[in-house]
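Examining the three-dimensional arrangement
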Amino acid sequence: MIFFEWLESSFLAVWVGESLWGYPIMLSAHAVGLSIVVGMAVVVDLRLLNAFSAIRIDSLGGLFKLGGLGFVINACSGFALFSSQATEFIESTAFLLKISIIIVAVFISALLYAHLEKSRLHGEDNTVPSRTKILAWTSITVWAGAVITGRLVAYF
Amino acid sequence: MMALISWIEGSALNLWILNTQWVWPVMEILHFIGLSLLLGGLLIVDLRLIGCFRKINIEAVQTLLPLAVSGFLINFATGIVFFLGDPMRYVLNVGFQLKMVLIGLAGMNMLWFIKTIQPSTTQWAPNRAPSGSARATGLISLALWFGVLLLGRLIPYVGSG
């Protein structure tokens, strides 16, 4: 707890919590990052589930990287937002659930990326193995779960 | 406008939205999911118009447009619920007013894309650098839609009236 009290009194936390624009700026950045992370995840996942089949699977790599950029934006803005109310957030069920879900979601997305890189679903071969499809469904589910629990942090 | 607002306020729907605990958070969640579909789809299409992701075929990338449109429709519907729940707050809010203007401009940019850029994409050679007007259209679209996102997020923080 001492760590979270210290964090809450840090320069960053005070700027986010008490300046006029600190909190809204970080919230805005967090919404931008959210749309990028979840947007890229959904497009890649739906493609692996055979939607948008005109898009070749071996051209999806750039979308993973863009999603990664969105994730970095949200890790940074999320940390800034967390710091301003660290002692409250660390005891919020919705927040802890959200963080747990995001850890799982990142793990699944990394697994999918590694899987696509390795399996070389290349060229004209557009058939997706059912194992990959299960991963894609899981990915959509957990990222949606992250959005849902994230919004609920404001209520619980 | 004021007649419309006073008609909404106190109506059965208005009271239901305000007095049913789960309505607002559920609509907010759907609004964020719609946002992700809209911006996720558009980001890829617009960046492709600007010249990124050239590995993705220009005609193939446009199959993402229905995803973006479905995200927009989700947000249009949930947005109407917010408006019906608290019309005065939104009408007087500078963030909301500007957001609506930007959505209008983004719509016009979309029409411009459909009329002038889209027909020519069938002629685009694979991996060719996009034309200046295609790049401009993609850039304007991204600027407008991210503007819509930012203004929406700032509605609770900017003054009313």
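In this report, we go over the structure that sits alongside the text.

For the rest of this paragraph, the subject is the overall build of chain B. Looking only at helices and strands, chain B features eight helices and zero strands. Along chain B, helices (α) and strands (β) appear in the sequence α-α-α-α-α-α-α-α when read from the amino end. Residues counted as buried form 32% of the 161 residues belonging to chain B.

Within chain A, the regular secondary structure consists of seven helices and zero strands. Moving toward the C terminus, one meets the helices and strands of chain A in the order α-α-α-α-α-α-α. In terms of its C-alpha atoms, chain A occupies a principal-axis envelope of roughly 55 × 25 × 25 Å. Each of the 156 residues in chain A was classed as buried or not, and the buried ones make up 39%. For chain A, contacts bridging at least 24 residues in sequence account for 84% of all contacts bridging at least 6.

Membership of the largest hydrophobic core comes to 61 residues, with the highest contact counts inside it found for Met40, Trp143 and Val147 of chain A together with Ile44, Leu64 and Leu149 of chain B. At the level of elements, helix H3 (22–48), helix H4 (61–84), helix H6 (93–119) and helix H7 (130–152) of chain A together with helix H3 (23–50), helix H4 (58–61), helix H5 (65–85) and helix H8 (132–154) of chain B are the ones that each hand at least two residues to this core. In terms of residues, this core owes the most to one element, H3 of chain A, which gives 12 residues. Contacts of Met40 of chain A, omitting those with residues within four sequence positions, involve Leu63, Phe64, Leu66, Gly67 and Gly70 of chain A together with Gly40 of chain B. Of all hydrophobic cores here, the second largest spans seven residues; its members include Ala13, Val16, Met26 and Ala86 of chain A.

Once that is clear, we can look at the interface of chain B and chain A. The parts lose accessible area when they come together, and the size of an interface is often stated as this lost area. Taken together, the contact between chain B and chain A spans 29 residues of the former and 25 residues of the latter. Counting only elements with at least two residues in the side of chain B that touches chain A, the list comes to H3, H4 and H8 of chain B. In terms of residues, the side of chain B that touches chain A owes the most to one element, H3 of chain B, which gives 13 residues. In terms of residue class, the side of chain B that touches chain A is built from 20 nonpolar, five polar and four charged.

Turning next to the packing of H3 of chain A against H4 of chain A. Two quantities define a packed helix pair, namely the angle between the axes and the distance from one axis to the other. Residues and elements named next belong to chain A. Axis separation between H3 and H4 bottoms out at 8 Å; the angle between their running directions is 150°. Relative to H4, the element H3 is oriented roughly antiparallel. Considering only the axes of H3 and H4, their crossing is left-handed. Broken down by class, the residue content of the contact of H3 with H4 amounts to 20 nonpolar, eight polar and no charged.

Another point: unusual backbone geometry. The phi torsion at Phe52 of chain A lies on the positive side, around 50°, for a residue other than glycine. One can find Phe52 of chain A in the loop between H3 and H4. In the Ramachandran plot, Phe53 of chain B falls in the positive-phi region, its phi being about 50° despite a non-glycine side chain. For Phe53 of chain B, a count of 23 C-beta atoms within 10 Å puts it in the buried group.

Looking now at H5 of chain B. Residues and elements named next belong to chain B. With 21 residues, H5 extends 30 Å between its outermost C-alpha atoms, agreeing within 8% with the 30 Å of an ideal straight helix rising 1.5 Å per residue. Buried within H5 we find Leu67, Ala68, Gly71, Phe72, Asn75, Thr78, Gly79, Phe82 and Gly85. All buried residues of H5 project into a common sector of 145° when viewed along the axis, lining one side. Of the exposed residues in H5, those oriented more than 90 degrees away from the buried face are Pro66, Phe76 and Ile80. For H5, the elements touching its buried residues are helix H2 (12–19) and H3.

The rules we used
- Residues numbered from 1 in each chain as written.
- Chains lettered and ligands numbered in written order.
- Predicted model: local features only at pLDDT ≥ 70, side-chain atom pairs only at ≥ 80, totals over all residues.
- Helix = DSSP H or I, 4+ residues; strand = E, 2+ residues; numbered from the N terminus.
- Buried ≥ 20, exposed ≤ 12 C-beta atoms within 10 Å, placed from the backbone.
- Contact = placed C-beta atoms within 7 Å.
- Core = buried A, V, L, I, M, F, W, Y, C linked by C-beta atoms within 7 Å.
- Nonpolar A, V, L, I, M, F, W, Y, C, P; charged D, E, K, R; others polar.
- Axes fitted to C-alpha atoms, helices over the stretch in contact; angles between N-to-C directions.
- Parallel < 35°, antiparallel > 145°, perpendicular 65-115°, else oblique.
- Left-handed = near helix turned anticlockwise from the far one by under 90°.
- Expected span 1.5 Å × (residues − 1).
- Arc of directions from axis to C-beta.

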